[in-house]
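# Descriptive analysis of the structure
Below are the chains, spelled out letter by letter.
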Amino acid sequence: MEIHLKELRRRAGLSQDEIASRLGIKKSRYGTWERGERMLSLKQAYDCALVLGCTIDEIAGLDRERLRSPDPRRQSMLDSYDALTDDGKTLASEMVASVARDPLRRADAAGAGSAGSRPAPDRADVRETA
């Protein structure tokens, strides 16, 4: 894992002296983190993130694209969900839960390879339940 403290510190416009002072540590200790000679604890990374105005993921160099789902349908659904209001997220969650309760659409049902591939029923076939 490559730590990105130097890049983030420079982006924040801080010297090693300044960030070490804000963290309450010696400059030499901070320098060992920046050079990758010592690893930070989670608490230390958190403290650095607060001072630098970034996330722990950014400090660790986590590439968000690597976390994307290999299933483009799932990723599309996640991207759309992120764009919703709170009310929209509640409705979307309820709709997905409703579909997941349908035994013919569940991945753990027989024929899971075809889950989600059956055609949508015609409107005439849909019966409203009261």
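Before reading further, recall that the structure is shown in the block above.
Anyway, here's the lowdown on the structure attached to this text.

### Here we look at the overall build of the protein chain
When you go through the protein chain residue by residue, the secondary structure sums to seven helices and zero strands. Looking at the 130 residues of the protein chain, the share that counts as buried comes to 19%. Taking as baseline every contact in the protein chain between residues at least 6 positions apart, the subset at least 24 positions apart corresponds to 42%.

### Points about the pattern of salt bridges
Close approach of charged atoms lets side chains of opposite charge pair. Applying the stated criterion across every chain yields a total of six salt bridges. Across the pair Glu37 and Arg35 runs a salt bridge whose closest N-O atoms are separated by 2.8 Å. In terms of burial, Glu37 and Arg35 fall into one category: exposed. Notably, a salt bridge pairs Asp102 with Arg105, separated by 3.6 Å at the nearest N-O pair.

### Re the side chain of Arg9
Tracing the chain through its elements places Arg9 in helix 1 (residues 5–11). Among residues more than four places away in sequence, those in contact with Arg9 are Leu14, Ser15, Gln16, Ile19, Tyr30, Glu34 and Leu52.

### Comments concerning the nonpolar core
Core analysis: the largest hydrophobic core is formed by 16 residues, its most contacted members being Leu5, Tyr30, Trp33, Leu40, Cys48, Leu52 and Ile59. Where this core is concerned, the elements lending two or more residues are helix 1, helix 2 (16–23), helix 3 (27–34) and helix 4 (42–52). At four residues, the largest contribution of residues to this core is made by helix 4. In this structure Leu5 touches Tyr30, Trp33, Glu34, Leu40, Cys48, Leu52 and Ile59, once residues within four positions along its chain are discounted.

### Here we look at helix 4
Residues Ala45, Cys48, Ala49 and Leu52 constitute the buried set of helix 4. Across the axial projection of helix 4, the buried residues extend over an arc of 100°, all falling on one side. Set apart from the buried face of helix 4 by more than 90 degrees, the exposed residues are Lys43 and Leu50. In this structure, the buried side of helix 4 is in contact with helix 1, helix 2, helix 3 and helix 5 (56–60). Remark: Gly53 follows helix 4 within two positions and exhibits a positive phi of approximately 65°.

### What about the packing of helix 2 against helix 3?
Contact geometry of helix 2 with helix 3 gives a least axis separation of 9 Å together with a crossing angle of 110°. Classed by the angle they form, the pair helix 2 and helix 3 counts as roughly perpendicular. Taken together, the residues of helix 3 that come into contact with helix 2 (itself represented by Gln16, Asp17, Ile19, Ala20 and Leu23) are Lys27, Tyr30, Gly31, Trp33 and Glu34. Partitioned by chemical class, the residues of the contact of helix 2 with helix 3 number five nonpolar, two polar and three charged.

Cut-off values and rules
Residues numbered from 1 in each chain as written. Predicted model: local features only at pLDDT ≥ 70, side-chain atom pairs only at ≥ 80, totals over all residues. Heavy atoms only, no water. Helix = DSSP H or I, 4+ residues; strand = E, 2+ residues; numbered from the N terminus. Buried < 20%, exposed > 50% of the residue type's maximum accessible area, 1.4 Å probe, protein only. Contact = heavy atoms within 4.5 Å. Salt bridge = Lys/Arg side-chain N within 4 Å of Asp/Glu carboxyl O. Core = buried A, V, L, I, M, F, W, Y, C linked by side-chain atoms within 4.5 Å. Arc of directions from axis to C-beta. Axes fitted to C-alpha atoms, helices over the stretch in contact; angles between N-to-C directions. Parallel < 35°, antiparallel > 145°, perpendicular 65-115°, else oblique. Nonpolar A, V, L, I, M, F, W, Y, C, P; charged D, E, K, R; others polar.

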